[in-house]
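# Remarks on the overall topology
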Amino acid sequence: MVGCARRRDGRGGVALASRVDPAQAERIALNTPLDAVGGIGPTDAGALGAMGLTNVGRLVAHLPHRHEKLEAESDIGALAPELLASARGEVLSVRALVWPHARVPRVEAVIADGTGRLEVVWFNMLWMRHKVRPGVRVRVQGRTERFKQALRMVNPQTEVLPDDEPAPREARVRPIYPATERMPSWRIARCVGEVLDRALPLIEEHLPEAYRVERGLPALADAYRMMHAPRDEREFTLARRRLAYDELLLLQLGVHMKRAHLRRTLKAPALRWSQAIDRHIRERFPFPLTPGQDAVVKDIVKDLSSPTPTNRLIQGDVGSGKTVVALYAMLMAVADGKQAALMAPTEILAEQHGASMGRMLEGSRVRLALLTGSTPEDQRASILRGLEGGEVDLLVGTHALLGERVRYASLAVAVIDEQHRFGVHQRAVLRSKGTVQQGGPAPSPLDDTVTPHVLVMTATPIPRTLAITLFGDLDVSTIAGLPPGRQPVRTIVVGPDDRPAVYRRLRQKLDAGEQAFVVVPVIDGAEEEGDSGLKGVRALVRELQGGPLEGKRLAALHGRLKPSTRDLVMGRFRAGLIDALVATTVIEVGVDVPNATNMIVEHADRFGLAQLHQLRGRVGRGEKASACVLIADPTTEDAQDRLKVMERVSDGFALAERDLEIRGPGELFGTRQSGLPPFKVADLRQDLGLLTAARRDAAAWIDASPGLSHPQERLLLRRLVKTYGASLGLGDVG
Ligand code: ADP
Ligand code: MG
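First, a word on what this report is: a plain description of the structure on this page.

### Structural notes on the side chain of Lys 322
As for its position among the elements, Lys 322 is in helix α10 (residues 322-335). Among all residues touching Lys 322, those that are not within four sequence positions of it are Ile 314, Gly 316, Asp 317, Glu 418, Met 457, Thr 458, Ala 459 and Ile 479.

Written out as structure tokens, the structure is:
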């Protein structure tokens, strides 16, 4: 730690060690290349450049990811046992012990400073004997303990001190940087030390002083100083808070700016609503709505009867009954003589929605069409004509709905089901395509500033931090509770040893007329993946057919089957002609077969908790009690512990929060979600409070200044557009 050692300056303060006297140092700018900075040699400049740190500004923006607390040095004579302490002294003696003299190879030394002696032991670090030689001076930091009659430290952090090491240091905090082999943290710290004092005054502030002070945030330049050279832990916390707030505020400003822009420039049809319309719609449903559904319907009615375009996220746990709520919104459009569309992530799901909506609309005048990738060409052409001519009222389909040839006569409501499956990108595409008749030549009663109301539905409960981050521009409604008569799914986690028993029990259930899903992570197993023991769909069907489920009607279901085959299989399963489906996660969302009451998930440790909860939601949809068995490999012990949560917790939100904690935001949806903002400091796992504050501040700011066009907002706007301009499509406002 020679590199970032500090010394006292004449004024009694602490200054960063620098080989250049700041008074006569050359001037630098934030864009000065590092190899032009005196004090940073070509080797260091090269290694930093390889990390993308090519100039002064980038180096200063390279923040430590953590800090290490260094204790103040004490006199050895003043040390007591069981303390975290730091001391320095001269090495009096050293010896290395190996087997048979020591069970664990170790180096022992005695150091002394004139007030006392300290024994030091390093286990498994025989190389220490080359570093710690008699006569050198070292500084050690670690926990003290009483050993026989002496005081000793085991495996302390150890630094050999140079001859010119100044007076004993005080307690301080040392930054630890993301580093590479060529450029370890301490060298980075030294290079930062070379430029920091001169770079800080060049950092411009983008927040008004009063605003910042009111929120207890340090100035930007101060925050960078406190990050790189904190005087204590409190400073680091303070600096981190400022920089995290900035990241969150910037994103929220962008999101709200975009939203304000859309609201100003776009209009949606304000749909008529009356008690009579409400009654007519509800008459179509085979059951009364639950209070949770009613509450969300109320939000929707309010949204859709206003000309402000709706952007609402409807979340509800698996099985909470989102489909009828969507249908309610769609029928509001039809009641007003307009059209509605529902987009589902898979063909299976689109077909299922088409079928269940079709049943509810039987005998009505509402004309419903289904459009997927596998709709035959002639049928497609006639549906497209019907849409354009206004003969089709409701369109249900997959992302085929986004196709360029799809034009509506009067689309008023667009629903996206299981939105997370589409990812952030597709939502933006739909939004941009949302404008009716966009660029199309077809005659329309609507001009191109009219957009449909958009509802997005998800059963993947999204933790609050993520919801705000990903969907900050959406209003959120949550369907609370489940329809009556639902029984919780009994879940157990077992190891592979229990497999035979699990399948024996399943056989008994199938004998009794129940149905089952068996889920595996991949279509093809070990052969392809080179992962021994990983079973795929096909191999498992063969195994079960030849053994535990012999004579039962099994079928495979996965994404590589032809859509028509998939429909056929689903149809037969629904009709009870198949006992068990062996499937990949294609069944993850939405599939609704009430007689399927058993689920077995193989290699359950390969799935996230939120995803398992989705899968588990495929059973427990009828009146009968359902069970879900998660088979997980015990060699991954953490994974089994993680899965145990599934046994206790049936609330999807709690599970998603847990997943976020354990696996981080990118993993939450099973696959890495692209489009997550590139935060460097903010951490969605711990910054909910800051995020909420940033969101509120951003909303108020944009309310007061929708275009961020005041001169004193220029820098803020520039940084905003630079960071999020492309991803949020802010080009036109920036
Ligand atoms: P999800 O929210 O997971 O999409 P669905 O809309 O598929 O849930 O509904 C799950 C099941 O609950 C369906 O079989 C549906 O018919 C039924 N259901 C929905 N709402 C009610 C209700 N209010 N009363 C009784 N059953 C309902
Ligand atoms: Mg659904």
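Additional details are given in the paragraphs that follow.
### Thoughts on the sheet that holds strand β15 (residues 394-397)
Spatial ordering of the open sheet is given by β14-β15-β13-β16-β17-β12-β18, a layout of 7 strands whose pairing is parallel. Only two strands of the sheet have a single neighbouring strand rather than two, namely β14 (368-371) and β18 (475-479). Direction aside, the axes of adjacent strands within the sheet are offset by 20° on average. The pairing of strand β12 (residues 311-316) with β18 spans 5 bridges and is parallel. Of the residues in β18, the one forming a bridge with Gln 315 is Thr 478.

### Observations regarding the pattern of salt bridges
For the coordinates displayed, the defined rule picks out 36 salt bridges. Asp 697 is paired through a salt bridge with Arg 215; the nearest N and O atoms lie 2.8 Å apart. One end of the pair, Asp 697, is in helix α22 (residues 688-704); the other, Arg 215, is in the loop between α5 (209-214) and α6 (220-228), and 482 residues separate them in sequence. The exposure class assigned to Asp 697 is buried, which follows from its relative accessible area of 10%. Residues Lys 535 and Glu 543 are paired through a salt bridge, measuring 3.3 Å at the closest nitrogen-oxygen approach. Overlapping salt bridges, with partners in common, bring together Glu 205, Glu 209, Arg 212, Arg 242 and Asp 246 in one network.

### With respect to the site of ligand 1
In the vicinity of ligand 1 lie 16 residues, with Gly 319, Lys 322, Thr 323, Arg 486 and Asp 592 positioned nearest. One of the backbone nitrogen or oxygen atoms of Ser 320 is found 3.4 Å away from an oxygen atom of ligand 1. When the residues that make up the shell around ligand 1 are grouped by side-chain class, the tally is 5 nonpolar, 6 polar and 5 charged.

### Regarding the environment of Asp 497
Its place among the elements puts Asp 497 in the loop between β19 (489-494) and α15 (499-511). Residue classification places Asp 497 among the exposed positions, given a relative accessible area of 74%. On a C-alpha basis, the gap between Asp 497 and Asp 633 in space is 9.4 Å, while along the polypeptide they are 136 residues apart.

### Description of the sheet that holds strand β21 (residues 554-557)
One open sheet accounts for 6 strands, arranged β19-β24-β23-β20-β22-β21; its pairing is parallel. At either margin of the open sheet sits one strand with a lone partner, and together these are β19 and β21. Within the sheet, the average angular offset between the axes of one strand and its neighbour, ignoring direction, is 20°. Where helix α19 (residues 609-616) meets the sheet, its contacts fall on β19, β20 (515-519), β23 (596-601) and β24 (626-631), and the angle it forms with β23 comes to roughly 150°.

About the criteria used
Residues numbered from 1 in each chain as written. Chains lettered and ligands numbered in written order. Predicted model: local features only at pLDDT ≥ 70, side-chain atom pairs only at ≥ 80, totals over all residues. Heavy atoms only, no water. Helix = DSSP H or I, 4+ residues; strand = E, 2+ residues; numbered from the N terminus. Contact = heavy atoms within 4.5 Å. Pairing = 2+ DSSP bridges. Axes fitted to C-alpha atoms, helices over the stretch in contact; angles between N-to-C directions. Salt bridge = Lys/Arg side-chain N within 4 Å of Asp/Glu carboxyl O. Buried < 20%, exposed > 50% of the residue type's maximum accessible area, 1.4 Å probe, protein only. Near = heavy atom within 4 Å. Polar contact = N/O pair within 3.5 Å; in protein donor to acceptor, adjacent residues only side chain to side chain. Nonpolar A, V, L, I, M, F, W, Y, C, P; charged D, E, K, R; others polar.

Interpretation in functional terms is not warranted from these geometric data alone.
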